[in-house]
Amino acid sequence: MFWCTWFWQISIYVQMFLIPSFLVIPGEHLRICPQEYTCCTSEMEDKLSQQSKLEFENLVEETSHFVRTTFVSRHKKFDEFFRELLENAERSLNDMFVRTYGMLYMQNSEVFQDLFTELKRYYTGGNVNLEEMLNDFWARLLERMFQLINPQYHFSEDYLECVSKYTDQLKPFGDVPRKLKVQVTRAFIAARTFVQGLTVGREVANRVSKVSPTPGCIRALMKMLYCPYCRGLPTVKPCNNYCLNVMKGCLANQADLDTEWNLFIDAMLLVAERLEGPFNIESVMDPIDVKISEAIMNMQENSMQVSAKVLCESLWLMFCNLISLSLSLNQVTDIKEKLKLSKKFWSTLPYTICKDERVTAGPSVEEDCWNGHTKARYLPEIMNDGLTNQINNPEVDVDITRPDTFIRQQIMALRVMTNKLKNAYNGNDVNFQDTSDETSGSGSGSGCTDDICPTEFDFITTEAPPVDSDRREVEASATQPRWSLQTLLVIFLSLVLQRQWR
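Conventions used here
- Residues numbered from 1 in each chain as written.
- Predicted model: local features only at pLDDT ≥ 70, side-chain atom pairs only at ≥ 80, totals over all residues.
- Heavy atoms only, no water.
- Helix = DSSP H or I, 4+ residues; strand = E, 2+ residues; numbered from the N terminus.
- Buried < 20%, exposed > 50% of the residue type's maximum accessible area, 1.4 Å probe, protein only.
- Contact = heavy atoms within 4.5 Å.
- Areas by Shrake-Rupley, 256 points an atom, 1.4 Å probe, with all protein chains shown as cover.
- Salt bridge = Lys/Arg side-chain N within 4 Å of Asp/Glu carboxyl O.
- Disulfide = S-S within 2.5 Å.
- Axes fitted to C-alpha atoms, helices over the stretch in contact; angles between N-to-C directions.
- Parallel < 35°, antiparallel > 145°, perpendicular 65-115°, else oblique.
- Left-handed = near helix turned anticlockwise from the far one by under 90°.
- Nonpolar A, V, L, I, M, F, W, Y, C, P; charged D, E, K, R; others polar.
- Core = buried A, V, L, I, M, F, W, Y, C linked by side-chain atoms within 4.5 Å.
- Patch = residues over 30% accessible without salt bridge, like charges linked within 9 Å, V, L, I, M, F, W, Y side chains within 5 Å.
- pLDDT = per-residue confidence, 0-100.
- Polar contact = N/O pair within 3.5 Å; in protein donor to acceptor, adjacent residues only side chain to side chain.
- Expected span 1.5 Å × (residues − 1).

Considerations on the overall build of the protein chain
No. 1: Across its full length, the protein chain carries 21 helices and two strands.
No. 2: By residue count, 50% of the 502 residues in the protein chain fall in the buried class.
No. 3: Considering only residue pairs separated by 6 or more positions, the protein chain has 81% of its internal contacts joining residues 24 or more positions apart.
No. 4: Surface exposure of the protein chain reaches about 24400 Å², of which carbon and sulfur atoms provide 53%.

Structural notes on the pattern of salt bridges
No. 1: The full count for this structure, using the stated rule, is 21 salt bridges.
No. 2: Among the ionic pairs, arginine 74 bridges to aspartate 334, the shortest N-O distance being 2.6 Å. Within this pair, whereas arginine 74 is found in helix α3 (residues 65–101), its partner aspartate 334 is found in helix α17 (residues 329–341), the two being separated by 260 residues in sequence. Aspartate 334 matches arginine 74 in its accessibility class, with the two residues each being buried.
No. 3: Lysine 120 is the partner of glutamate 87 in a salt bridge, and the nearest nitrogen-oxygen pair spans 3.0 Å. Note that glutamate 87 is positioned in helix α3 and lysine 120 in helix α5 (residues 110–123), a separation of 33 residues in sequence.
No. 4: When salt bridges with common partners are traced through the structure, they connect Arg74, Lys77, Asp334 and Lys338 into a single cluster.

Side note on the state of the cysteines
No. 1: For the structure shown, the criterion picks out five disulfides.
No. 2: Linked covalently through their sulfurs, cysteine 33 and cysteine 227 form a disulfide whose S-S length is 1.9 Å. The sign of the -90° torsion about the S-S bond sets the cysteine 33-cysteine 227 disulfide as left-handed. You can see cysteine 33 sitting in the loop between α1 (6–17) and α2 (42–63) and its partner cysteine 227 sitting in helix α11 (residues 227–230), a full 194 residues away along the chain. Cysteine 227 shares its class with cysteine 33; the two are buried.
No. 3: The disulfide partner of cysteine 243 is cysteine 354, and the S-S distance across this bridge is 2.0 Å. Judged by the torsion about the S-S bond (-85°), the cysteine 243/cysteine 354 disulfide is left-handed. Placement of cysteine 243 in helix α12 (residues 240–250) and of cysteine 354 in helix α18 (residues 345–354) is noted, with a sequence separation of 111 residues between them.
No. 4: Cysteine 243 gets classed as buried once you look at its relative accessible area, which sits at 0%.

Concerning the packing of helix α6 (residues 130–149) against helix α7 (residues 157–165)
No. 1: Packing of α6 against α7 brings their axes to within 9 Å, and their N-to-C directions diverge by 125°. The pairing of α6 with α7 is recorded here as oblique in orientation. Considering how the two elements wind past one another, α6 and α7 form a crossing that is right-handed. Together, Ala139, Leu142, Glu143, Phe146 and Gln147 of α6 and Tyr159, Leu160, Glu161, Val163 and Ser164 of α7 make up the contact between the two elements.
No. 2: Here the contact of α6 with α7 is composed, by residue class, of six nonpolar, two polar and two charged.

What about the nonpolar core?
No. 1: If you look at the biggest cluster of nonpolar residues, it comprises 105 residues, and the most contacted ones within it are Phe56, Phe194, Trp261 and Phe264.
No. 2: Considering each element in turn, this core owes the most residues, 14 residues, to helix α9 (residues 176–208).
No. 3: With residues up to four places along the chain from it excluded, the contact list for phenylalanine 56 reads Val211, Pro213, Cys217, Leu221, Met247, Cys250 and Leu251.

Digging into a nonpolar patch on the surface
No. 1: Side chains of Val98, Met103 and Met106 sit close together on the surface and give an oily, nonpolar patch of about 270 Å² of accessible area.
No. 2: Topologically, methionine 106 is positioned in helix α4 (residues 103–106).

Some thoughts on the confidence of the model for the protein chain
Segments scoring low in pLDDT should not have their predicted coordinates read at a detailed level.
No. 1: Residue-level pLDDT values for the protein chain average 74, and 69% of them are 70 or greater.
No. 2: Within the model, the stretch residues 281–304 combines pLDDT values under 50 with 28 contacts to residues more than four positions away or in other chains.

Considering the side chain of glutamine 390
No. 1: As for its placement among the helices and strands, glutamine 390 is situated in the loop between α18 and α19 (405–425).
No. 2: Separated by 3.0 Å, the side chain of glutamine 390 and the backbone oxygen of glycine 386 make a polar contact.
No. 3: With sequence-adjacent residues up to four places away left out, glutamine 390 is seen in contact with Lys248, Gly249, Ala252, Met383, Asn384, Asp385, Val398 and Ile400.

Description of α6
No. 1: Between the first and last C-alpha of α6 there are 28 Å, a value that for 20 residues agrees with the 28 Å anticipated at 1.5 Å per step.
No. 2: Looking only at α6, the buried set comprises Leu130, Met133, Leu134, Phe137, Trp138, Ala139, Leu141, Leu142, Glu143, Met145, Phe146 and Ile149.
No. 3: Where α6 starts, the residue carrying a side-chain oxygen 3.1 Å from the main-chain nitrogen of glutamate 131 turns out to be asparagine 129.

Below is the structure:
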């Protein structure tokens, strides 16, 4: 913080202001400040240079506090919410099924436990194919239900496996699996990608805010902040435009982050809109609880088929609770508004610092301010943003041929995450793994360690199942021997009818 080094400042000021006026000396020995009459020795100039560097680092960290805390707090809130949502959904299903099916459910509960385990593993960055996992869940459930509906028969493992292979054709659960495949996949892709985006934004902001000023920048900072003291003008603050040129030169590489940062924020906002709208199925499934209630009340009066229907619709309700990312509108709006405020942060950082009354005389004071040489108007024009535009910066020597490698790594991290967010917006998944030795850390979708998080990834796009995916699956499976499917259908129907006649 700006006042953290006040002990050192006081010691320097004491040295300067207790020097008698007759000790004011010619400034030929000065390497940074104007070589006119001065009260600063070479040693004091060196100390003030280090003080300038420290204050600049603290200023950047203090000014970036908002954007850093935005990503930290919103990541924590979203991650806690989603984990709680998963836990509540699993607990709700367990309670309902224990009451409804008792021992029948308890003896087969591992099917549902495995489902939630895999969903949690996907959310936390595990290598899980959601479509395959859901297909496997419905196949296993069909095997169990097939045996429960027909307890008088004993089925071999091969036979049950054969039954499960034709889940899509038999459609014992109606259209529920197909709809859930679409809804669950898209909702989880959006949620996991969004929380990963919050993680990447947090880590990039944390890293970039820790600046390492170049020697040319340190010289410019010293000249701007402390040369007025050496010239006997301790109350004169730097001119605003003078400050802007110094900061644009010192933060040239950070400004180059701005374009990719803004694209990243835009992509985050798009996915946030998905979480509010199309990928939140709460509005679609509002009446389903009424259907469940009616089915459960009629369960004991009807056949086992109604019980199967209750199970199917109960599963539907469970999934609705699971994937209706009921981020309240206020919560989503809060995240979106904070993200919007962080746009153009890096290119406006020099302006934010130079508006600080502790640093400059302010935009309104043009004459009575320090211009780097004396108390007068600052005449040079203000440089544009970015590294290449600093070639003619009058205050900071900037080598435009040597971009900061560290900043370029952060730009690449943002670019990769932006592509992933765009895929998630379209309902497509991207599986990526950390390939950076320098930034290795957890691959968790829920976040990484507080200190380190991956920023470079290899990624593979996987398209989520479209709404009519089952149609193509049916066509693909049509290449199987026709007599196997027909035989299976006949056996299945005969067993169900036989059960009804009993």
